[in-house]
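Structure at a glance
In case you want the letters, here they are:
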Amino acid sequence: MAVKRSRSATRMLSVFESIAHAQPIGVSALARLLEADKSAVQRDLMTLADAGWIRPAPGLSGQWELSPHVLTLARPPHSNESLRLRAGPILERLRTETGETAYLAVPDGDHFVVMAAAESHHLLRMVPAIGIVIPMQGSATARAVLPYLPEDRQAQILGSLPDAGTRAKFDATRARGYTVNDEELQAGAVAMAAAVLGPDGLPVGTLVLTGPAERLTPDRREAMGALLSAGARQLSTENG
């Protein structure tokens, strides 16, 4: 017999995820975003707040954001936590050697999530928040992992089987060790990514360097890419 689902719980989870993606955000905007009854969304907000999962955004009346409590979910003794801890010194080294923000992203279903970061000390810098979602389409992270995925998974992400030109790009990425997104997702922002592989050769995450295009100029990318791919190889070896 099929088990009946809880519609109210499903809606509350949708409210929680929407706050995570759009914070800070108010009840009216949430109701419009979810196409849900405003009173029902308000009840969900109060329930989440009472449980400590969200809090009022400082200085913004009626706006909500995730509380630090959510970070407790990212600290159980599983493989991602081990990966995060081992990536820490590598991220710090990349930040020191390049002057730019370095971060670790791990796959989560059809997207990636930032798990750890070493933030650039420059006044002008890119700062991905821990827990931020990175899309599977178009990002440097996606381009870094695609060459290492089985063909059926590549086809699922791309919408079709990779053609000869795409496979040639995959070969070039594996040979070079990193990929570049040159202001394609956000004007003025450059990201470089290298895949971290597990013992089976499949990607378990990516190391990413990101910063403004005025500093991550084409003449610097080869040297920075070499540092990035070396860090990813070290982390991959430790995974083995």
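Here we summarise the structure given alongside this text. (Residues numbered from 1 in each chain as written. Predicted model: local features only at pLDDT ≥ 70, side-chain atom pairs only at ≥ 80, totals over all residues. Heavy atoms only, no water.)

As a further point, take the pattern of salt bridges. This structure, assessed with the given rule, holds eight salt bridges. The partner of Arg-11 in a salt bridge is Asp-44, and the shortest N-O contact between them spans 2.6 Å. Taken together, the residues span a long stretch of sequence, with Arg-11 in helix α1 (residues 7–22) and Asp-44 in helix α3 (residues 38–50) at a distance of 33 residues. Take Arg-11: its relative accessible area is 25%, and that puts it in the partly exposed class. (Salt bridge = Lys/Arg side-chain N within 4 Å of Asp/Glu carboxyl O. Helix = DSSP H or I, 4+ residues; strand = E, 2+ residues; numbered from the N terminus. Buried < 20%, exposed > 50% of the residue type's maximum accessible area, 1.4 Å probe, protein only.)

The strands that make up a sheet are held in pairs by hydrogen bonds between backbone atoms, and each pair lies either parallel or antiparallel. Judged by pairing direction, the sheet is antiparallel, and its three strands sit side by side in the order β1-β3-β2 without closing on themselves. Because the sheet does not close on itself, it has two edges, and the strands there are β1 (25–26) and β2 (54–56). The pairing of β1 with strand β3 (residues 63–66) spans two bridges and is classified as antiparallel. When the bridges of β3 are listed, Ile-25 appears paired with Trp-64. Where α1 meets the sheet, its contacts fall on β1, β2 and β3, and the angle it forms with β3 comes to roughly 95 degrees. (Pairing = 2+ DSSP bridges. Contact = heavy atoms within 4.5 Å. Axes fitted to C-alpha atoms, helices over the stretch in contact; angles between N-to-C directions.)

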